[in-house]
Amino acid sequence: MNRKAKSLAVFPGSFDPITNGHIDIVARALSVFDELVIAILNNADKRPLFSVEERVEIIREAYRGNPRVRVDTFSGLLVDYAMKAGASVIVRGLRAISDFEFEFQLALMNRRLNPGIETIFIMAAEGYSYVSSRLVKEVFQLGGSVRELVPPVVERRLGEKQGPASIAPQSRRRRRRVR
Ligand code: PNS
């Protein structure tokens, strides 16, 4: 029997937290690759809202029941992680032209570090062009609604992060919708 090897790609990032923009990229990547590893950078320099362990839990919950998506963490060089994971493709999402300059640099540096690993860019749906993890955190912390911008597990975990003191007033007045 001619059993074809499964294609595997790595989707790296900070994912602090994962947004619906990331979810959109994952769905599009799964239309190209058989399996995807969502690889969370474990960066001691940054001060994230969610710990790496929390981000793993959140993403696992978002993809529970989907055997084509794995969640992992990495530190050190991304190309070294991709090699170890057995992937020769890195997937990165592009929201707008403004993302391109940085992504282009990253892709060329990764190519220099390991020419055997290819970076593939996937364009997010236009509706997510303005969605970023940083803005999601800011909007939520200032009392705006992030519904439709993040998966339900993220909205819940953001609420838990803020604690009962800040959740109480918001449950009395309904969160404003972001358009
Ligand atoms: O979600 P982000 O913060 O845009 O993701 C950036 C990430 C994690 C893809 C990038 O910082 C990265 O790959 N870091 C690992 C370190 C590395 O390999 N650096 C050399 C390539 S420039």
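Everything here concerns the structure above.
Residues numbered from 1 in each chain as written. Predicted model: local features only at pLDDT ≥ 70, side-chain atom pairs only at ≥ 80, totals over all residues. Heavy atoms only, no water.

Draft legend 1. Representation of the nonpolar core in the model. Within the largest apolar cluster, 33 residues are counted, with the highest numbers of intra-cluster contacts made by Val26, Leu36, Ile59 and Val91. Residue assignment for this core shows that the elements contributing at least two residues are strand E1 (8–13), helix H1 (20–30), strand E2 (35–41), helix H2 (52–62), strand E3 (69–74), strand E4 (89–94), helix H5 (133–141) and helix H6 (152–172). Ignoring anything within four residues of it in the chain, the contact list for Ile59 reads Phe15, Ile18, Ile38, Ile40 and Val71. (Core = buried A, V, L, I, M, F, W, Y, C linked by side-chain atoms within 4.5 Å. Buried < 20%, exposed > 50% of the residue type's maximum accessible area, 1.4 Å probe, protein only. Helix = DSSP H or I, 4+ residues; strand = E, 2+ residues; numbered from the N terminus. Contact = heavy atoms within 4.5 Å.)

Draft legend 2. Layout of the side chain of Ser132. Tracing the backbone through its elements, the reader meets Ser132 in the loop between strand E5 (118–123) and H5. A polar contact of 3.1 Å, which involves the side chain of Ser132, links it to the backbone nitrogen of Leu135. Dropping the residues within four chain positions of it, Ser132 is found in contact with Thr19 and Arg95. (Polar contact = N/O pair within 3.5 Å; in protein donor to acceptor, adjacent residues only side chain to side chain.)

Draft legend 3. Geometry of the packing of aromatic side chains. Going through the model one piece at a time under the given rule, you end up with four aromatic pairs. When the ring of Phe11 is compared with that of Phe15, the centres are 5.3 Å apart and the planes differ by 75 degrees; the resulting orientation is edge-to-face. Phe15 shares its class with Phe11; the two are buried. Arranged with centres 5.2 Å apart and planes meeting at 25 degrees, the rings of Phe100 and Phe104 form a pair that is stacked. (Phe/Tyr/Trp six-rings, centres within 6.5 Å; stacked < 30°, edge-to-face > 60°.)

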